[in-house]
Amino acid sequence: MGNLLKVLTCTDLEQEPNFFLDFENAQPTEAERETWDEVDVVLKDALAILDELQAYKGAGQEIREAIQNPNDEALQDQAWAAVVPLVGKLKKFYEFSQRLEAALHSLLRALTSETYDDPTQHLEREQALAKQFAEILHFTLCFDELKMTNPAIQNDFSYYRRTLSRMRINNVPAEGENEVNNELANRISLFYADATPMLKTLSDGTTKFVSENKNLPIENTTDVLSTMASVCKVMLETPEYRSRFSSEETVSFCLRVMVGVIILYDYVHPVGAFVKSSKIDVSETIISLLRDQPPNSVEGLLNALRYTTKHLNDESTTKTIKSMLQ
């Protein structure tokens, strides 16, 4: 109770961390190696997942023709043959989200441990793990942006489930049913029903981490998130640090990570990220920083703050923040 009270009543924005977190080149120390290796196995597959999602075209034409010609068995077979391998891909993406959540838990365990006194020390001295945490957030927002602009995903899966149900009723053996049984299909359907499924996975996963580690003060987790947001903000605002980025891509990387940790913080912290007492200065600097970027490069991030946070529409959210995000 004391830990929760401490989090709820914190009103001071501590001095911002002022160090360069090397998102481009950080390498693991011996102390980080075990966790880093475990997470690296997952992250190595992340780029291929994004490539597959970007290339996902769907079976819209085959499905339309099958629906318009319900008595044409050849067209029904063609649509089913087109959808089954796509459902295999959607299953793969869903299963990757479970691996990503497990990797997140590994990183949170390391970054909230008692190895160091505070989150600033953790992030500054365990930069390779901080970089992996950032890479998970970056992947998550990239995945969800691609998913939101591809309605074929839900259309394909809905058609698959309807057709599978009809085949069962008619006792028709269905190729592909063994790969995605009914229970798994329900879980996958819930996953894709969310506008930002990967972000929801991470948000739920972070909340689960806090609830499963009751001996760990809540602020160990929330302070890591708020510190990461501040580190990104400071690096973007400080010419000396920003000049050390070897690529402009690192700027967009920092922006994505900053937004990702705000959303996680908003889910985990009892009163969220948008109250005056928040350790993340969302309104005056972070939203302004986002608005200073080319609109086409950050509209997705602003939308993530508008539509995927938990507490934005609470009465406790300042009017300034609400108006800035309108």
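Residues numbered from 1 in each chain as written. Predicted model: local features only at pLDDT ≥ 70, side-chain atom pairs only at ≥ 80, totals over all residues. Heavy atoms only, no water.

- The name given to the chain in an unreviewed UniProt entry is Family with sequence similarity 49 member Bb, and the organism recorded there is Cyprinus carpio.
- The UniProt entry for the chain carries the following text under Subcellular location (unreviewed entry): "Membrane".
- What the UniProt record of the chain gives under Sequence similarities (unreviewed entry) is the line "Belongs to the CYRI family." (UniProt positions renumbered as here; feature names shortened; annotations may be inferred.)

Quick word on the environment of Gly-300
Line of reasoning, step 1. Its location among the elements puts Gly-300 in helix H15 (residues 295–307).
Line of reasoning, step 2. A relative accessible area of 25% places Gly-300 in the partly exposed class. (Helix = DSSP H or I, 4+ residues; strand = E, 2+ residues; numbered from the N terminus. Buried < 20%, exposed > 50% of the residue type's maximum accessible area, 1.4 Å probe, protein only.)

Observations concerning the pattern of salt bridges
Line of reasoning, step 1. According to the stated counting rule, one finds 13 salt bridges in the structure shown.
Line of reasoning, step 2. The closest approach of N and O atoms between Glu-52 and Lys-89, which form a salt bridge, is 3.3 Å. You can see Glu-52 sitting in helix H3 (residues 46–54) and its partner Lys-89 sitting in helix H5 (residues 73–111), a full 37 residues away along the chain.
Line of reasoning, step 3. A relative accessible area of 31% means that Lys-89 is categorised as partly exposed.
Line of reasoning, step 4. Measuring nitrogen to oxygen at the nearest pair gives 2.4 Å for the salt bridge that ties Glu-52 to Lys-92. Note that Glu-52 is positioned in helix H3 and Lys-92 in helix H5, a separation of 40 residues in sequence.
Line of reasoning, step 5. By relative accessible area, which is 37% here, Lys-92 ends up partly exposed.
Line of reasoning, step 6. Connected through shared salt-bridge partners, Glu-52, Lys-89 and Lys-92 make up one network. (Salt bridge = Lys/Arg side-chain N within 4 Å of Asp/Glu carboxyl O.)

Things to note about the packing of helix H4 (residues 60–68) against H5
Line of reasoning, step 1. Where H4 contacts H5, the two axes come as close as 8 Å, and the packing angle between them is 150°. Here H4 lies roughly antiparallel to H5, going by the angle between them. Read as a crossing pair, H4 and H5 show a hand that is left-handed. In this structure, H4 uses Glu-62, Ile-63, Glu-65 and Ala-66 to contact H5, whose residues at the interface are Leu-75, Gln-76, Gln-78, Ala-79, Ala-82 and Val-83.
Line of reasoning, step 2. The class makeup of the residues in the contact of H4 with H5 is six nonpolar, two polar and two charged. (Axes fitted to C-alpha atoms, helices over the stretch in contact; angles between N-to-C directions. Parallel < 35°, antiparallel > 145°, perpendicular 65-115°, else oblique. Left-handed = near helix turned anticlockwise from the far one by under 90°. Contact = heavy atoms within 4.5 Å. Nonpolar A, V, L, I, M, F, W, Y, C, P; charged D, E, K, R; others polar.)

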